[in-house]
Each structure stands twice: as C-alpha cells, then as structure tokens.
Amino acid sequence: MHGNEQACILCRGAAADHELGVVQVWEDRYWRMTTALEAEVLGFSYLEPKRHIPHITDLDGDEARTFGAVVAHVTSALRGATGAELVYVYVFGGGVPHLHLQLAPHRAGDALTTQLIRGEFTAEPLASGVTRYVSNDFPPFPEEEQRAIALRAQHYLASFGSH
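Predicted model only: the values in this text are computed from it and were never measured. Throughout, a residue's number is its position along its own chain's written sequence, starting from 1. Owing to the predicted nature of the model, reporting of local features is limited to residues with pLDDT of at least 70; listing and counting of side-chain atom pairs is limited to 80 or more, with chain, interface and lining totals taken over all residues. Only hydrogens and water are set aside; all other atoms, that is, all heavy atoms of the structure, feed into the side-chain values.

A. Region of the structure containing the pattern of salt bridges. The rule for a salt bridge is simple: a side-chain nitrogen of Lys or Arg has to be within 4 Å of a carboxyl oxygen of Asp or Glu. Scanning the entire structure with this criterion turns up nine salt bridges. A salt bridge links D17 to R32, with the nearest nitrogen and oxygen atoms 2.8 Å apart. Taken as a pair, D17 in helix α2 (residues 17-20) and R32 in strand β2 (residues 31-36) lie far apart in primary sequence, 15 residues in all. When its relative accessible area of 5% is taken as the criterion, R32 is described as buried. R32 is paired through a salt bridge with E48; the nearest N and O atoms lie 3.0 Å apart. Taken together, the residues R32 in strand β2 and E48 in strand β3 (residues 45-49) connect sequence positions 16 residues apart. Per residue, the accessibility class of R32 equals that of E48, and both read buried. What emerges from the salt-bridge pattern is a single network uniting D17, R32 and E48. Only runs of H or I of at least four residues qualify as helices and only runs of E of at least two qualify as strands under DSSP, and these elements are numbered from the N terminus. Buried, partly exposed and exposed residues are distinguished by accessible area as a fraction of the type maximum, computed with a 1.4 Å probe on protein chains only: under 20%, between the cut-offs, and over 50%, respectively.

B. Geometry of the pairing of strand β5 (residues 101-106). Summarising burial for β5: six of the six residues are buried, a large majority. Neither face of β5 is left uncovered, since the one carrying L101, L103 and P105 and the one carrying Q102, A104 and H106 both have all their residues buried. The pairing criterion for strands is at least two bridges between them, as found by DSSP. Sheet analysis places β3 next to β5, joined by three bridges and oriented antiparallel. Each bridged residue has a counterpart across the sheet, and for L47 the counterpart in β5 is L101. Note that strand β4 (residues 86-90) and β5 share five bridges and pair antiparallel. Looking at β5, one finds that V87 is bridged to P105.

C. Here's a closer look at the nonpolar core. Side-chain atoms within 4.5 Å link the members of a nonpolar core, which is a set of buried Ala, Val, Leu, Ile, Met, Phe, Trp, Tyr and Cys residues. Membership of the largest hydrophobic core comes to 14 residues, with the highest contact counts inside it found for W31, M33, L47, V74, L101 and L103. Elements with a contribution of two residues or more to this core: β2, α3 (61-82) and β5. It is α3 that contributes the most residues to this core, four residues altogether. Excluding residues that lie within four positions of it along the chain, L47 makes contacts with W26, W31, R32, M33, V70, V71, V74, L99, H100, L101 and L103. V41, Y88, Y90 and L112 belong to the second-largest nonpolar core, a separate cluster that totals six residues. Any two residues whose heavy atoms approach within 4.5 Å are treated as being in contact.

Here it is as structure tokens:
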C-alpha cells in the first residue's frame, strides 16, 4: 500500500469489517460485498473494489471490465435473499475516499425513498406511465443547456467503442 491506501479503511478489507459494522458475504478477485449489521433496510449492503479506486470515474482495468456482471450478480443475490421487489444501487461520494456502492433492497413501505432531489418535489405522471419528479425548490436547467451537456458527453464517448 502507498499514500491514500494506507489511510483508507476499505483497503483494509475484512480486517476493518468489525469497525465498520459489516460482515463479508461475497468476494472474488476484484470485488467484495459486505452487509450492514445495523441498518434501516434489511439486507443493506456495500460493494467495493479490493484495489484502491477513489471514485467511479477512476474505475479502470479488471474492475471496470467486470463491473456490470458483478453488480447484476450481487443485486440478484440480495433480491433473492431478502424477497425485495428490487435493489436500488447508489454511488455517493464523500465519507470514504474509496469507491463503494450502496445496495439497498426495497420493499413497499420500507425506509427507502425514490426521491433523488433535495427538498419538496411534485410527482407528475406522464402519458407514458412514467412518473417524473420535479423539484419545487430547484428549477430545471433550460433545455438548451441540457442538450449542450448531452452533446458534450456524446463527444467524450464517441471514441469509447474504438478502445
């Protein structure tokens, strides 16, 4: 270990589980999954790469190559083990400077919320059957700005398939 890894509690792996209040339930060569022993949601778990990767934007190598299959595998297992309707996957920054996904099995009436936007919001049912959540406190960015960002992202991704 060097630099940030020495100070990173997640880089300590199973040695830090007691301190973090989790128990390891699965691992492979690149990833490990733990389940919280105290949580408001039954089966609330974490998935993190074993190698020190600070943020999802830093994901590369074998972790990047296996990411989708691993997320599908562990969320399917959690859904089956808990009887949840679905498993929310959250990636928040801060707290621990090591990529970790929060895996939250969801059942009707539990502690989870579908609210992604801070503050009060309005649910708007669309003709498609989808419900759009609109912030009452934060106005949406103008469509032109959103389209400009989409175009910039498209340019960044244009060469993705050629690697």
